[in-house]
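# Notes for the structure review
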Amino acid sequence: MENYNHEQIHYETETGMRCDVHSTHGFFVAKHWHNSLEIIMVIDGNMDISISGRNIRLESGGLAVINSRTIHSTGCRSSCRYLLLQIPYEVLKKNIPDIEMITIRCVCPVKSMRKGHVEETAHTLEKLAALYESPRDGGYLLMFNSLVYELLYHLVIHFKVVIDPALKKQSDKNVQRLGVVLQYVRQHYNESISLEDAARLVAFNREYFSRFFKKYMGITFMDYVFAIRLEYAYNDIINTDYPIVDIIENNGFGKNYKLFLRKFREQYGCSPGEKRKQLAENQPSCNSN
């Protein structure tokens, strides 16, 4: 088995974590996993996320915690502004000794549902977002770390659930296998990829791998390949002026223009040309429904 790992995150040198307030007019990140704890809070707009097969729409004020080694995806068609915080596993392990045996269950889709401890958690995230967007002074790191550890305290004290060790071991094994395949696809998405290629990576036969992938990812393997190709193609569409025909061909769709256009419209609610026109006119969305 070749050694392909989970998604690599580039943490900030200053904090040792990743913290951003993003503004976007549409994006999609296909299913993946990483070792960090990920927290998302929507400030304005809405975002669709999938966590272990559960589909959730976060609206303004909504938040979600995505545990380490959990398969998830994120995306939105419309305008969205959100806080993203990713805390590396090493920080979690150092400060939460039983991190291997717990999971954090904290998802609140809309602000109106924030009650009690969820409201306290959201308030800490709001302070973190405000700090991130404020001018940084000599006390920035002190306040940043203070808020992160306050957040972890809320999550561990109020939202942790102990998990069965045997189930945890099997889940980690399955995620690691999937990680091999997911990383392979990201590295070779613009090349010819087959179900047989993927099955060979984890020493499964074609039929068993097909069932295994669909069970844990919720989609077929080839639909996942198309999702990754679409993700990279979308970035080219919004960030370059390359002809759309060239973008389609360079991102693994070859001459299959109809397939690309159908997948693009399904994901973003408009055509590639309409998306470019929308961004040029600074309109927030093609279709926010």
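Residues numbered from 1 in each chain as written. Predicted model: local features only at pLDDT ≥ 70, side-chain atom pairs only at ≥ 80, totals over all residues. Heavy atoms only, no water.

## With respect to the packing of helix 7 (residues 221–239) against helix 9 (residues 257–268)
Put simply, the test is: An axis is simply a line fitted to the C-alpha atoms; with a helix, the fit covers only the stretch in contact. Between two such axes, the angle follows the N-to-C directions and lies from 0 to 180 degrees. A run of DSSP states H or I qualifies as a helix once it reaches four residues; a run of E qualifies as a strand once it reaches two. Both are numbered from the N-terminal end. Oblique is the label for any angle not under 35 degrees, not over 145, and not in the 65 to 115 range, which are roughly parallel, roughly antiparallel and roughly perpendicular in turn. We call two residues in contact whenever any of their non-hydrogen atoms come within 4.5 Å of each other. Note that Gly is not counted as nonpolar here; it falls among the polar residues with everything else outside the nonpolar set of Ala, Val, Leu, Ile, Met, Phe, Trp, Tyr, Cys and Pro and the charged set of Asp, Glu, Lys and Arg.
It is the contact of helix 7 with helix 9, at a shortest axis distance of 10 Å, that shows an interaxial angle of 80 degrees. It follows from the interaxial angle that helix 7 and helix 9 lie roughly perpendicular. Here D223, F226, L230, A233, Y234 and I237 of helix 7 lie close against helix 9, whose contacting residues are L259, F260, K263, F264, Q267 and Y268. Its residues assigned to classes, the contact of helix 7 with helix 9 shows nine nonpolar, one polar and two charged.

## Some points on the pattern of salt bridges
Condition: Any Lys or Arg side-chain nitrogen located within 4 Å of an Asp or Glu carboxyl oxygen qualifies as a salt bridge. Note on classification: 1.4 Å probe, protein chains only; a residue is buried when its accessible area is under 20% of the maximum for its type, exposed when over 50%, partly exposed between these limits.
In the structure shown here, the tally under the stated rule is 18 salt bridges. For K255, the salt bridge identified is with E249, shortest N-O distance 2.9 Å. K255 sits in the exposed class, given a relative accessible area of 63%. Within the structure, one salt-bridge network assembled from shared partners comprises D44, R81 and E133.

## Digging into the pairing of strand 6 (residues 72–76)
Quick note on the threshold: Two strands are said to pair when DSSP picks up at least two bridges between them.
Burial within strand 6 is extensive, with five of its five residues counted as buried. Neither face of strand 6 is open: one carries H72, T74 and C76, the other S73 and G75, and all of them are buried. Direction of pairing for strand 2 (residues 27–32) relative to strand 6: antiparallel, over a ladder of four bridges. Bridge pairing in strand 6 places H32 opposite H72. Here strand 3 (residues 37–51) pairs with strand 6 via four bridges, running antiparallel.

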